[in-house]
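# Descriptive structure summary
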Amino acid sequence: MNRQEIDGRLDAKAVAWLDQALAEAAEAAEAAEKPDNVAVPRWELRFAAAGRHCGQENADDVRTLLLRRAGADVGTLTRLYQQGAAAERRAVLLALPDLVPGPEALPLVEDALRTNDTRLVEAAVGPYAAGHLDPHAWRHAVLKCLFTGVPVAAVADLERRAHGDAELARMLADYASERTAAGRSVPADLHRVLIMTGEES
């Protein structure tokens, strides 16, 4: 989501607020090069307040825009995630592909996948997870979606990573058997992923 598209959904007061927030984020990006700068940047306070000023429906886009403008590093992202409410954590997860080229932020994804918050799980299985989770952790992320009811469509690069994955197919079959034995329905998404593996009998 770019700035122009976001502005089109905001009223004049919210646009002015966002202008100031982005200016502060840009200033913080420059100040980050100074090792003696220890004050908490004002934009981080605005990051938390984005939903209140721009509407909850726009908060994800506004927050990720702020993170990109500030050039938030892994340390900043980790602090905002750890100190933030669920909505702020979700924005951090959504911003990871744009801000962290390597696997350094995987602990944030792994933390989100340990929760039962479906919004966090959905954000955690995006492009960053697809690019950096090892096969074992990635398979468990797919199962987490099935456990929590997150549509597997949210799993980035699912078809490519699932293709030919016999271990994932085994885990899915075991889960389906457990559900059936307990008299519970098997999620339709499970069969979709099993077909992707190419291992369905």
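So, here is what we can say about the structure in this document. This structure is a prediction, so every number in the text was calculated from the model and none was measured.

## A look at the overall build of the protein chain
When helices and strands are tallied, the protein chain shows 13 helices and zero strands. Helices and strands appear in the protein chain in the N-to-C order α-α-α-α-α-α-α-α-α-α-α-α-α. By its C-alpha atoms, the protein chain is 60 × 35 × 25 Å across when sized along the principal axes. Across the protein chain, contacts joining residues at least 24 apart in sequence account for 66% of those joining residues at least 6 apart. As displayed, the protein chain has an accessible area near 10500 Å², and 50% of this comes from carbon and sulfur atoms. Side-chain charges of the protein chain comprise 23 positive and 31 negative groups, with the mean position of each set lying 4 Å from the other.

## Digging into the environment of Gln4
Its place among the elements puts Gln4 in helix H1 (residues 3-7). Residue classification places Gln4 among the exposed residues on the basis of a relative accessible area of 68%.

## Concerning the nonpolar core
Of all hydrophobic cores here, the largest spans 65 residues; its most connected members are Trp43, Leu67, Leu77, Val92, Leu93, Leu96 and Val109. A total of eight residues in this core trace back to one element, the largest contributor, which is helix H2 (residues 12-31). Residues within four places of Leu93 in sequence aside, it is in contact with Tyr81, Leu108, Val109, Ala112, Leu120, Ala123 and Ala124.

## Notes on the packing of helix H3 (residues 42-54) against helix H4 (residues 59-70)
It is at 8 Å that the axes of H3 and H4 come closest, and there the two elements cross at 160°. Taken as axis vectors, H3 and H4 run roughly antiparallel relative to one another. Here H3 and H4 pass one another in a crossing that is right-handed. Seen from H3, the contacting residues are Trp43, Arg46, Phe47, Ala48, Ala50, Gly51 and Cys54; seen from H4, they are Ala59, Val62, Arg63, Leu66, Leu67 and Ala70.

Conventions adopted
- Residues numbered from 1 in each chain as written.
- Predicted model: local features only at pLDDT ≥ 70, side-chain atom pairs only at ≥ 80, totals over all residues.
- Heavy atoms only, no water.
- Helix = DSSP H or I, 4+ residues; strand = E, 2+ residues; numbered from the N terminus.
- Contact = heavy atoms within 4.5 Å.
- Areas by Shrake-Rupley, 256 points an atom, 1.4 Å probe, with all protein chains shown as cover.
- Lys, Arg positive; Asp, Glu negative; His and termini not counted.
- Charge placed at Lys NZ, Arg CZ, Asp CG, Glu CD.
- Buried < 20%, exposed > 50% of the residue type's maximum accessible area, 1.4 Å probe, protein only.
- Core = buried A, V, L, I, M, F, W, Y, C linked by side-chain atoms within 4.5 Å.
- Axes fitted to C-alpha atoms, helices over the stretch in contact; angles between N-to-C directions.
- Parallel < 35°, antiparallel > 145°, perpendicular 65-115°, else oblique.
- Left-handed = near helix turned anticlockwise from the far one by under 90°.

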